[in-house]
Amino acid sequence: MNTCSHYDVAIIGAGMSGLAAGIRLAHFGKKVCIFERHNAVGGLNGFYSLSGRKFDVGLHAMTNFVRPGVKGTPLTKLLRQLRIAREEFALCEQKQSRVAFGPRGETSLRFTNDFAVLEGEVAQAFPAQIDGFRRLVAVVKTFDDVGLDAQPVSARLMVRGHISDPLLEDMLFCPLMYYGSATEHDMEFGQFVIMFKALFLEGFARPFDGVRVILRVLLAKYRAAGGERRMKCGVKAIVADAGRAQALLLDDGSTITADHVISSIGAPETEDLITPPARVAPPSVPGRLSFVETITVLNQQPARWGWGDDTIVFFNDSPRLEYACPVGAVDARSGVICLPNNFDFGPVQTLPEGIVRVTCLANNDRWASLAEAAYRDEKARWFAAVQASARRFLPPLPDQAAYERAVLTTDMFTPRTITRYTGHFGGAIYGAPVKHRQGRTALANVYLCGTDQGFLGIVGAMLSGISMANYHVLKST
Amino acid sequence: MTKDECKQVVLDIIADIAPDEDLSNVKPDVRLRDQLQLDSMDFLDIVMELRKRHAIEVPEAEYPKLASLDSCADYLTPKFNALPPKS
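Not measured: the values here are computed from a predicted model.

1. Observations concerning the packing of aromatic side chains
All names here are of chain A.
Right, on to step 1. In total, this model carries 24 aromatic pairs over all chains according to the counting rule given.
Right, on to step 2. When the ring of Tyr 7 is compared with that of Phe 35, the centres are 6.2 Å apart and the planes differ by 80 degrees; the resulting orientation is edge-to-face. One end of the pair, Tyr 7, is in strand E1 (residues 6-12); the other, Phe 35, is in strand E2 (residues 32-35), and 28 residues separate them in sequence.
Right, on to step 3. Among the residues examined, Tyr 7 registers a relative accessible area of 0% and is labelled buried.
Right, on to step 4. Taken together, the ring pairs in this structure connect Phe 111, Phe 115, Phe 133, Phe 143, Phe 173, Tyr 179, Phe 189, Phe 192, Phe 196, Phe 200, Phe 204 and Phe 314 into an aromatic cluster.

2. Here we look at empty space enclosed by the protein
All names here are of chain A.
Right, on to step 1. Tallied over the full model, the rule gives one cavity of 30 Å³ or more.
Right, on to step 2. In this model, the largest cavity occupies a volume close to 40 Å³.
Right, on to step 3. In terms of lining, the largest cavity is formed by Trp 307, Ile 337, Val 356, Val 358, Gln 387, Ala 390, Arg 391, Leu 394 and Tyr 403.
Right, on to step 4. Looking at the lining of the largest cavity, the elements with two or more residues in it are strand E17 (354-362) and helix H12 (372-391).

3. A look at the pattern of salt bridges
Right, on to step 1. Using the criterion set out here, one finds 43 salt bridges over all chains in the structure.
Right, on to step 2. Among the salt bridges present, the one from Glu404(A) reaches Arg391(A), with a minimum N-O distance of 3.8 Å. Of this pair, Glu404(A) sits in helix H13 (residues 400-406) while Arg391(A) sits in helix H12, placing them 13 residues apart in sequence.
Right, on to step 3. The partner of Asp16(B) in a salt bridge is Arg53(B), with the nearest N and O atoms 2.8 Å apart. One end of the pair, Asp16(B), is in helix H1 (residues 3-17); the other, Arg53(B), is in helix H3 (residues 40-54), with 37 residues separating them in the sequence.
Right, on to step 4. Here Arg53(B) falls in the partly exposed class, since its relative accessible area comes to 35%.
Right, on to step 5. When salt bridges that share partners are traced, they join Arg24(A), Arg83(A), Asp16(B), Asp45(B), Glu49(B) and Arg53(B) into one network.

4. Some words on unusual backbone geometry
Right, on to step 1. Here the bond from Thr275(A) into Pro276(A) is cis, since omega is -10 degrees, no more than 30 degrees from zero.
Right, on to step 2. Here the phi dihedral of Asn64(A) falls at roughly 70 degrees; this positive angle occurs in a residue that is not glycine.
Right, on to step 3. Of note, Asn64(A) is situated in the loop between strand E4 (53-56) and helix H2 (74-81).
Right, on to step 4. By relative accessible area, Asn64(A) is classed as buried at 4%.
Right, on to step 5. The backbone of Ala55(B) shows a phi angle near 60 degrees, a positive value even though the residue is not glycine.
Right, on to step 6. With respect to the secondary-structure elements, Ala55(B) resides in the loop between H3 and helix H4 (69-81).
Right, on to step 7. According to the relative accessible area criterion, Ala55(B) is exposed, its value standing at 51%.

5. Here's the deal with the sheet that holds E17(A)
Strand-to-strand pairing in sheets goes through backbone hydrogen bonds, with the strands running parallel or antiparallel.
All names here are of chain A.
Right, on to step 1. Reading across from one edge, E7-E6-E15-E16-E17-E14-E18 is the order of the seven strands in this open sheet, with mixed pairing throughout. Two strands close off the open sheet at either side, each with one partner strand: strand E7 (107-111) and strand E18 (407-413). Neighbour to neighbour, the strand axes of the sheet diverge by 20 degrees on average, direction disregarded.
Right, on to step 2. With six bridges connecting them, strand E14 (residues 290-298) and E18 associate as antiparallel partners. Each residue of the ladder has a partner; that of Val 297, found in E18, is Thr 409.
Right, on to step 3. Docked against the sheet, helix H14 (residues 415-422) engages E14, E17 and E18, running at close to 100 degrees with respect to E14.

6. Considerations on H12(A)
Residue and element names in this part refer to chain A.
Right, on to step 1. For H12, which comprises 20 residues, the first-to-last C-alpha distance of 29 Å matches the rise-based estimate of 28 Å (1.5 Å per residue) to within 8%.
Right, on to step 2. Among all positions in H12, only Tyr 375, Glu 378, Trp 382, Phe 383, Val 386, Gln 387, Ser 389 and Ala 390 are buried. Taken down its axis, H12 places every buried residue within 165 degrees of arc, on the same side. Facing away from the buried surface of H12 by more than 90 degrees, the exposed residues are Arg 376 and Asp 377.

Cut-off values and rules
Just so you know, the residues in each chain are numbered from 1, in the order the chain's sequence is written. Lettering for chains starts from A, numbering for ligands starts from 1, and both go in the order in which the items are written. Per-residue local features are limited, in this predicted model, to residues with pLDDT of at least 70; the limit for side-chain atom pairs, both in listing and counting, is 80 or more; totals at the level of whole chains, interfaces and linings are taken over all residues. Excluding hydrogens and water, the side-chain values take into account all heavy atoms of the structure. Two rings from Phe, Tyr or Trp (for Trp, the six-membered ring) form a pair when their centres sit within 6.5 Å of each other. Planes less than 30 degrees apart are called stacked, planes more than 60 degrees apart edge-to-face, and all others tilted. To qualify as a helix, a DSSP run of H or I must reach at least 4 residues; to qualify as a strand, a run of E must reach at least 2; elements of each kind are numbered from the N terminus. Buried residues are those whose accessible area, probed at 1.4 Å on protein chains only, stays under 20% of the maximum for their type, while exposed residues exceed 50% and partly exposed ones sit between those limits. Using a 1 Å grid laid over the protein atoms alone, points where a 1.4 Å probe fits but cannot get out form a cavity; open sets with protein on both sides within 12 Å along at least 5 of 7 lines form a pocket; any residue with an atom within 4 Å of a point counts as lining. Grid points are joined across faces, edges and corners, and a volume is the space filled by probe spheres set on the points. Salt bridges are counted wherever a side-chain nitrogen of Lys or Arg sits within 4 Å of a carboxyl oxygen of Asp or Glu. Here a strand pair is declared whenever DSSP counts at least two bridges between the two strands. Note on method: axes are straight lines fitted to C-alpha atoms, helices fitted across the in-contact stretch only, with angles between N-to-C directions ranging 0 to 180 degrees. Any pair of residues with heavy atoms lying within 4.5 Å of one another is described as a contacting pair. Here a helix's expected span is defined as the number of its residues, less one, multiplied by 1.5 Å. Directions from the helix axis toward the C-beta atoms define the arc.

This is the structure we're talking about:
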């Protein structure tokens with residue numbers, strides 16, 4: 001039982017960013033404790049068990065993959081900072097991914113962990129745009145995307161300076177938005193650059209056993225460094241006085257104190273805990289972008305249905321991409337298909353079952369207020385609609401009835417699930433649209449890390465925790 | 001502690017921070033940054049590992065003195081030798 005009531009640093013939330021911050025701080029001798037409301041770690045990137053199966057949440061693929069020997073990228077920085085050997089993650093690369101646009105995916109751009117593939121696809125499908133595309137890539141490569149005090153610039157405007165075909169523009173934005181954007185229609189250019197590098201210039205990989213491998217490594221490091229954690233014990237309030245956090249009131253009614261507090265739960269969510277409320281002008285606005293995800297487990301590998309090539313497919317059937325909170329409960333016109341079986345796990349390993357995941361934009365308000373029976377009906381209805389939409393972008397099934405018979409089980413999460421398990425207001429997976437690069441809050445000794453600090457993806461999340469621990473705690477002591 | 005021993009202390013730290021770097025041919029008179037891929041995060045870690053392992057403090061204004069192995073040895077050896085004996 002952890003009974004100590006004073007810490008050098010208290011961390012709110014045991015997601016990727018909180019764990020990474022904790023490892024840094026504990027490694028350098030800080031007395032640190034992570035407070036997590038749930039009984040599982042991982043936050044937005046966790047996993048759950050349902051009738052004996054483990055399902056990943058969040059993670060389709062770990063972005064930012066680079067091969068051994070490539071240095072100076074986010075993945076290598078994070079491995080060094082957390083003293084993790086790359087073998088510990090045992091990452092397996094994607095086979096290929098695609099961006100598919102048009103009613104049946106007529107325009108398609110393939111990409112792999114070799115950037116030349118995407119460049120070649122752009123040159124072939126958009127010959128008039130390739131010079132502009134190369135100029136854009138040059139800008140992306142030299143942009144300082146991790147500076148903590150960059151001014152926000154519209155990515156749409158920056159991209160249009162180089163690319164004049166709206167179809168190509170939308171096809172480039174589609175994966176970057178779906179994998180991390182908290183803003184509708186546009187992105188901040190710094191965020192665009194982070195995502196462009198993470199997805200296109202670097203790439204996708206995952207451990208054979210999924211996100212739990214990464215979490216296991218982080219937890220082991222944290223424990224070995226002497227970090228404490230308290231599970232099923234969230235922070236109910238940050239008691240403030242004289243512009244500083246004086247104490248944390250916990251869910252179990254007890255109180256602890258800490259010199260520094262690092263919160264990974266989001267900007268508006270953190271402001272909401274401050275008691276009495278700090279006068280923040282203007283207060284942070286929660287994000288509007290939420291998602292549903294359907295999961296189908298099959299007793300066959302996807303290759304059996306001719307779906308053995310694609311790891312991830314980003315799809316859109318409309319002339320323009322509408323990355324925004326939908327009017328209806330779900331917008332099935334665009335989304336992301338993930339086939340976890342199609343990572344290159346090598347000659348010996350094969351995931352025991354086929355898995356098909358499909359993610360689409362959803363409207364939180366439409367889901368939040370439903371009574372239980374209506375909620376179940378809506379889930380069933382949209383599950384079918386999402387499948388039907390996504391299937392247009394995969395090779396046609398040779399035998400629809402055989403596919404249906406191969407389904408072992410299905411599951412679906414909605415904005416409601418996200419709110420319940422992550423605490424993000426409005427089921428906003430990627431947090432609030434306005435990010436806080438320096439992690440500052442209304443209180444001098446409370447800092448943000450994770451989604452609302454603004455480094456994206458799971459590698460970004462971990463780097464966010466590392467950066468904030470370095471910047472606010474380790475460098476100043 | 002001799003200057004050579006001091007260089008070894010720094011190399012041991014770099015080996016732990018950056019296990020993906022080849023340290024077999026580090027030239028003592030060349031800036032570490034010019035022969036190894038080390039960024040500001042890595043240099044911060046060298047400073048913090050010096051504090052953690054050896055109780056040596058390097059104020060931020062003096063980080064430039066850690067530029068090469070030779071300059072590290074010139075700067076750090078007197079600090080090591082001034083440490084109180086371990087009891």
